[in-house]
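Listed here are the chains, written in short residue letters.
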Amino acid sequence: MTGPTIRKIEAKDNQQVAKLIRNVFEELEITKVGTAYEDEELDCLYEAYQNMSKAEFYVIVQNNKIIGCGGFAPLANQGKNICELQKMYFLPELRGQGFGQKLITICLNKARGFKYDSCYLETMPYMKTAQKLYQKNGFSYLEEAMGCTGHSSCPVYMIKNF
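Residues numbered from 1 in each chain as written. Predicted model: local features only at pLDDT ≥ 70, side-chain atom pairs only at ≥ 80, totals over all residues. Heavy atoms only, no water.

Draft legend 1. Structural context of the environment of H151. Structurally, H151 is set in the loop between β6 (140-142) and β7 (156-161). On the accessibility criterion, H151 (13% relative accessible area) is buried. Placed 34 residues apart in sequence, H151 and D117 show a C-alpha to C-alpha distance of 22 Å. Setting aside chain neighbours within four positions, we find H151 in contact with G34, T35, A36, D39 and E122. (Helix = DSSP H or I, 4+ residues; strand = E, 2+ residues; numbered from the N terminus. Buried < 20%, exposed > 50% of the residue type's maximum accessible area, 1.4 Å probe, protein only. Contact = heavy atoms within 4.5 Å.)

Pasting the structure below:
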């Protein structure tokens, strides 16, 4: 048994990643309407991220099983140079091992390399552990949403300026 590794998403990962995200939604009883659960590209994330400039998506793999994921892409429908941290979900066996920090660090460093001015995210109010991790990494709360992510059920907004 080898430890988890982080790598860029590949086409062969689409089905596992979609299943992982849906499983986490069901496990945590996250509302599905107005969230990433309904995103059109959920079943084809590899292609979606390949077709965007200044975007990356990563998977965390252990023994050929995807146990975590997350990435970033340009924040939709806003005129500024801002990216959005997207679809960070971990299965229970990965949580609490520091991989959230590792993945955020990779995403933020890459976003800085792409010369983004800021990184935005949306989350749920009861995801307190995730919010603490975001704050630890320099994110602060916003009063209202930015852009148009299509995630009308995610009422917590945060941003980090570079």
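Following the structure, the description resumes.
Draft legend 2. Summary view of the sheet that holds β7. Spatially, the seven strands line up as an open sheet ordered β1-β2-β3-β4-β5-β7-β6, and their pairing is mixed. What marks the edges here is a single partner per strand, and that holds for β1 (5-8) and β6. Strand-to-strand twist across the sheet, computed as the mean angle between neighbouring axes with direction ignored, equals 30 degrees. Here three bridges tie β6 to β7, and the two strands are oriented antiparallel to one another. Bridge pairing in β7 places L142 opposite Y157. Contacting β2 (56-62), β3 (65-74) and β4 (82-90), helix α1 (residues 14-27) runs over the sheet at an angle of about 95 degrees to β3. Helix α3 (residues 99-113) contacts β1, β2, β3, β4, β5 (118-123) and β7 of the sheet and is inclined by roughly 160 degrees relative to β4. (Pairing = 2+ DSSP bridges. Axes fitted to C-alpha atoms, helices over the stretch in contact; angles between N-to-C directions.)

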